[in-house]
Structures are given as C-alpha cells and as structure tokens.
Amino acid sequence: MKIIKLEFEKTLTRLAGNPFGVKVFSEQVESNIDWNELNKIIFPEQINRIAISFIQGFAKEILKRIDKNDIEKVFDFEVSSEELKEKIISSIKF
C-alpha cells in the first residue's frame, strides 16, 4: 500500500474550491500515486470539513484514469471522521 500524507497549514480546518483541489492533487498526490496498488491518502486530523468543490478539483485527474466506481480499489482516504470519508467517496462517484 502506498501512503500519501497531505500537508496543510495547521490553522486550516476546512478545504474548499475546485482550483485548490486541483493544486493540492498536482502538488502533493499526482507524482506519488501507484496505479497498480492501493493508495492511502491521509488528511491531517485538523481537517474537519471538505467542500464538494474541493473534492471535484482533487479528483479531476483521477477520473481521467479510472472509472468513478473503481475509486475504492485504487484509493483509501483517512480523514477525521467516517462521515467525512463517505462524503469524499460519494462526491467522487456523483
């Protein structure tokens, strides 16, 4: 399993905005993905809200490579709550 730890300023608790999602993916995730195994993306504990706009930007390049229904075969998300994890997955599959 490939582990990718995201880093944000300690004061940041919410992630929003399509362009910010694209930026975080391209700067912190894209070059670290192994498309042949499970990639665990770890969000810092202080992140307690993630807007759909951020997720859509973050997943844009992912969805060019894989079908949205296969997201859980390639990615696992570790976030501050199970509810937030479900929101990420359902927003990608939407």
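To be clear, the structure that these remarks concern was listed above.
Since the structure is predicted, the reported quantities are computational estimates derived from the model, not experimental observations.

Engineer: When you look at the nonpolar core in this model, what are you seeing that I'm missing?
Structural biologist: One finds L6, I41, F43, I50, F58, F75 and F77 to be the most contacted residues of the largest nonpolar core, which totals 27 residues. Taken together, the elements giving at least two residues each to this core come down to α1 (18–29), α2 (52–59), α4 (71–74), β5 (75–78) and α5 (82–93). Excluding anything up to four places from it in sequence, F58 contacts L6, G21, V22, V24, F25, V29, I41 and F77.

Engineer: Sorry if this is basic, but what is going on with the packing of aromatic side chains here?
Structural biologist: One pair of aromatic rings is described through two measures. These are the centre distance and the angle between the planes. Considering all chains together, one arrives at seven aromatic pairs under this definition. Ring centres of W35 and F75 lie 5.9 Å apart, and the angle between their planes is 85°; on these two criteria the pair is classed as edge-to-face. Linking W35 in the loop between α1 and β3 (39–42) with F75 in strand β5, this pair joins segments that are 40 residues apart in sequence. Residue W35 is classed as partly exposed on the basis of its relative accessible area of 23%. Looking at F75, the relative accessible area reads 2%, which means it is buried. Members of the aromatic cluster, joined through ring pairs, are F8, F20, F25, F43, F54 and F58.

Engineer: Could you clarify how one ought to interpret the packing of α1 against α2 in this entry?
Structural biologist: Each pair of packed helices gets described by two things: the angle between the helix axes and the distance between those axes. The geometry of α1 relative to α2 is characterised by a closest axis approach of 6 Å and an angle of 40° between their N-to-C directions. Between α1 and α2, the crossing angle belongs to the class labelled oblique. Note on packing geometry: the crossing formed by α1 with α2 is right-handed. Listed contacts from α2 to N18, F20, G21, V22, V24, F25 and V29 of α1 are S53, F54, Q56, G57 and F58. For the contact of α1 with α2, a count of residues per class yields seven nonpolar, five polar and no charged.

The rules we used
Residues numbered from 1 in each chain as written. Predicted model: local features only at pLDDT ≥ 70, side-chain atom pairs only at ≥ 80, totals over all residues. Heavy atoms only, no water. Core = buried A, V, L, I, M, F, W, Y, C linked by side-chain atoms within 4.5 Å. Buried < 20%, exposed > 50% of the residue type's maximum accessible area, 1.4 Å probe, protein only. Helix = DSSP H or I, 4+ residues; strand = E, 2+ residues; numbered from the N terminus. Contact = heavy atoms within 4.5 Å. Phe/Tyr/Trp six-rings, centres within 6.5 Å; stacked < 30°, edge-to-face > 60°. Axes fitted to C-alpha atoms, helices over the stretch in contact; angles between N-to-C directions. Parallel < 35°, antiparallel > 145°, perpendicular 65-115°, else oblique. Left-handed = near helix turned anticlockwise from the far one by under 90°. Nonpolar A, V, L, I, M, F, W, Y, C, P; charged D, E, K, R; others polar.

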